[in-house]
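For reference, the chains in residue letters:
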Amino acid sequence: MSTPTAAAPTAHPAVVSWVDEIADLTAPDEVVWCDGSAGEWDRLTTQLVERGTFVRLERKPNSFWCASDPEDVARVEDRTFICSRFQADAGPTNNWMDPVDMKTVMTEHYRGAMAGRTMYVIAFCMGPLDAAEPKFGVQITDSEYVAVSMQIMTRSGTPVWDRLIAGTEFVRCLHSVGAPLYPGQVDTPWPCDHTKYISHFPEERTIWSYGSGYGGNALLGKKCYALRIASKMAKDEGWLAEHMLILKLTSPQQKVHYIAAAFPSSCGKTNLAMLDPTLDGWTAETIGDDIAWLRFGDDGRLYAVNPEAGFFGVAPGTGVHTNPHAMATIARGNSIFTNVARTDDGDIWWEGMTDTPPPHLTDWKRRDWTPTSGEPAAHPNSRYCTPIAQCPTVAPEWNDPAGVPISAILFGGRRATTIPLVTESRSWQHGVFLASTLSSETTAAATGRIGVVRRDPMAMLPFLGYHVGDYFQHWLDIGTRTNAGLLPKIFYVNWFRRGDDDEFLWPGFGENSRILEWALRRIEGTTEADETPIGNVPTPGALDLTGLKFDHAKIAAALRVDPTEWITELRLIDEWFATIGGNRLPDVLREELAALRQRLAAP
Ligand code: GTP
Ligand code: SPV
Ligand code: MN
């Protein structure tokens, strides 16, 4: 069978034969090799407007409003699979299916799935193109939305094809929305299938995604490659692929520190990555907001690289008071807004952008909306997709293939109780223990119930490409690979603790700079902490609260280590560790738990 195919921009035989094979299977009308150019962007966005998927925004240059199918709005964790050869290697936290069985099932879904559509072939690179070992991928997709989003989120197109020469390794990323168009059939604005599979074959470094067009399910460079597949690569090669932001901080004395922070989905990474410090004299610059790859430098320190080139950020809650730099980034245009509301004059709006909503909107379900409608105008997981390079606070180092040396790693979750505002770990091993017990209330970033506390170790629960116990051992091993003094110091934070009145006990956002300042001073040995059973917390007075108009009694409550709450927490950690399985949970973590129990004098 032959599909009209323009000449391939690569002579890489494995790419060409794989594209031929997938075209035969999925039967598209046409194959297009993407060059990542502005002309291609214009052609595809125009096509998306004509088909009704996009609405061009009159109030933002080169920007588009888009509404998905109401059932295709978030990651589908229950349809996400790690298909390692042995089930034991996927671990207790992942769905598993035998790789041969999964391919048999999915092949039948892919058969003819691109009929009536165009198949796009996108070459991309995760991280700077001039890296010592650039990490390439090739995504096949039948979605124009995915093709233009990949232009924002990754380095893609001609410069990548030029480097992807014969013999170069690449991750095969296959994606179809699973909605063939038969002659005479009218297309829908957001084609997708009710059945969805997000499958990973870690040993083969291959991803097969079917049925969804939503970011985390369909932009395969992001969670599928840069976290699930890369976490396995990192384990094999001695580095870390993590769900972390990367931030540059400059003190009033002009001392520069880089920090990384792992929070679960929709728990504040993008906001911290674009921090607008309220502390006088401090500057914050952005390097990454979602994913960090950490490797050892020749000097024995851990260096972080952001593999992405765009932000796919949570829209609701983003406004000039919470995240002015995100607002400035999107104001520059060249952005895609998915599942937000549209104003009558051709702009976008979402809950939290302004204090009072406009009197009339088109909501994310394309319906008329007024403030009395009784439903949010934007979906809680609505997102903006925008280039990093447009961020007014982007640090020049964001594109440095060597990465930036990390002084501190923060782990945090969304917990209404128990977890203090900030805790300093006692050692790397203790920090890994705290991170292994991380927990958070579920959010709208994944389908399913919202607000349920679950363990989310290192904020990686949905993104691990292998066994969680082996992952903990890998983190512990990283700590023995260099001088303890060169390792980042690990802190545990919680911006989301609430008082009896259910209000947050900490103002968050720009005020989080005060917590970072304390952490950096701990690293420099110039401030005080109280030892508690769970780790070191700031002494009263150690946090710089100059100029902060917020009830100081609340801040004291945010910092409290409550033994009763912690005895309840111990039981939950016991249950969590029990699920990991005796022979895969590292002994030292069990010992850390026993030591914590002893310090709490708990039964
Ligand atoms: P993903 O992109 O899903 O990985 O999420 P993220 O971790 O980047 O989350 P993001 O920064 O987009 O924050 C999600 C939500 O948390 C938004 O509604 C924010 O307004 C809110 N948020 C962020 N930082 C803070 C904070 O310091 N305090 C409080 N109370 N809310 C915050
Ligand atoms: C997350 O859910 O953690 C995200 C959004 O960053 S997505 O890319 O959809 O996974
Ligand atoms: Mn994320």
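Computed from a predicted model, the values in this text were never measured in an experiment.

K.L.:
Which residues make up the packing of aromatic side chains, and what values do they have?
P.N.:
Each aromatic ring pair is characterised by the separation of its centres together with the angle its planes make. A full pass over the atoms with the stated rule returns 25 aromatic pairs. Between tyrosine 110 and tyrosine 210, the ring centres sit 5.8 Å apart and the planes meet at 85°, which makes this aromatic pair edge-to-face. Of this pair, tyrosine 110 sits in helix H4 (residues 99-110) while tyrosine 210 sits in strand S10 (residues 206-210), and the two are 100 residues apart along the sequence. With respect to burial, tyrosine 110 and tyrosine 210 carry one shared label: buried. With a centroid separation of 6.2 Å and an interplanar angle of 35°, the aromatic rings of phenylalanine 337 and tryptophan 350 are classed as tilted. Here tryptophan 350 lies in the loop between strand S20 (348-349) and strand S21 (361-362) and phenylalanine 337 lies in strand S18 (residues 336-338), a separation of 13 residues in the sequence. The exposure classification of phenylalanine 337 matches that of tryptophan 350, with both residues buried.

K.L.:
Any details on the coordination of the manganese ion (ligand 3)? Residues and values, ideally.
P.N.:
Protein coordination of the manganese ion (ligand 3) is provided by Lys223 (NZ), His243 (NE2) and Asp290 (OD), with donor distances spanning 2.2 to 2.3 Å. Taken together, the six donor atoms surrounding the manganese ion (ligand 3) define angles of 69 to 172° at the centre, an arrangement classified as irregular. One chain supplies every donor to the manganese ion (ligand 3), and in sequence these donors are spaced K-x19-H-x46-D. Placement of histidine 243 in the loop between strand S11 (240-242) and strand S12 (244-250) and of aspartate 290 in the loop between strand S14 (283-288) and strand S15 (292-296) is noted, with a sequence separation of 47 residues between them.

K.L.:
Describe the pattern of salt bridges, naming the residues involved and giving the relevant values.
P.N.:
It is possible for side chains bearing opposite charge to pair when their charged atoms get close. Scanning all chains against the criterion turns up 34 salt bridges. Lysine 255 is the partner of glutamate 524 in a salt bridge, and the nearest nitrogen-oxygen pair spans 4.0 Å. Here glutamate 524 is found in helix H13 (residues 512-524), whereas its partner lysine 255 is found in the loop between S12 and strand S13 (256-262), with 269 residues between them in sequence. By relative accessible area, which is 41% here, lysine 255 ends up partly exposed. Taking the shortest distance from any N to any O, the salt bridge between aspartate 501 and lysine 554 comes out at 3.8 Å.

K.L.:
Can you break down the nonpolar core residue by residue, with the values?
P.N.:
In terms of nonpolar packing, the biggest core is built from 123 residues, with Trp350, Phe411 and Trp475 touching the most fellow members. The element that contributes the greatest number of residues to this core is helix H8 (residues 221-237), accounting for eight residues. Each residue touching tryptophan 350, except ones within four places of it in the same chain, is listed here: Ala315, Pro316, Gly317, Thr318, Met327, Ile330, Phe337, Val340 and Ala378. The next biggest cluster of nonpolar side chains, apart from the first, holds 35 residues, and it includes Leu410, Phe496, Trp506 and Trp518.

K.L.:
Give a detailed account of the site of ligand 1, specifying residues and quantitative values.
P.N.:
Close contacts around ligand 1 come from 21 residues, with Ser266, Lys269, Thr270, Asn271 and Arg383 the closest. Within the side chain of aspartate 290, one N or O atom sits 3.0 Å away from an oxygen atom of ligand 1. In the model, an oxygen atom of ligand 1 is placed 2.9 Å from a nitrogen or oxygen of the phenylalanine 509 main chain. Protein chains bury 92% of the 660 Å² of accessible surface belonging to ligand 1 in isolation. For the shell around ligand 1, the element with the most residues is helix H9 (residues 269-273), which contributes three residues. By residue class, the composition of the shell around ligand 1 is eight nonpolar, nine polar and four charged.

The rules behind these values
Residues numbered from 1 in each chain as written. Chains lettered and ligands numbered in written order. Predicted model: local features only at pLDDT ≥ 70, side-chain atom pairs only at ≥ 80, totals over all residues. Heavy atoms only, no water. Phe/Tyr/Trp six-rings, centres within 6.5 Å; stacked < 30°, edge-to-face > 60°. Helix = DSSP H or I, 4+ residues; strand = E, 2+ residues; numbered from the N terminus. Buried < 20%, exposed > 50% of the residue type's maximum accessible area, 1.4 Å probe, protein only. Donors = N, O, S within 2.8 Å, 3.2 Å for Na, K, Ca; no water. Tetrahedral: all angles 85-135°; square planar, octahedral: opposite > 155°, others 65-115°. Salt bridge = Lys/Arg side-chain N within 4 Å of Asp/Glu carboxyl O. Core = buried A, V, L, I, M, F, W, Y, C linked by side-chain atoms within 4.5 Å. Contact = heavy atoms within 4.5 Å. Near = heavy atom within 4 Å. Polar contact = N/O pair within 3.5 Å; in protein donor to acceptor, adjacent residues only side chain to side chain. Areas by Shrake-Rupley, 256 points an atom, 1.4 Å probe, with all protein chains shown as cover. Nonpolar A, V, L, I, M, F, W, Y, C, P; charged D, E, K, R; others polar.

Interpretation note: all reported values are geometric properties and have no functional meaning in isolation.
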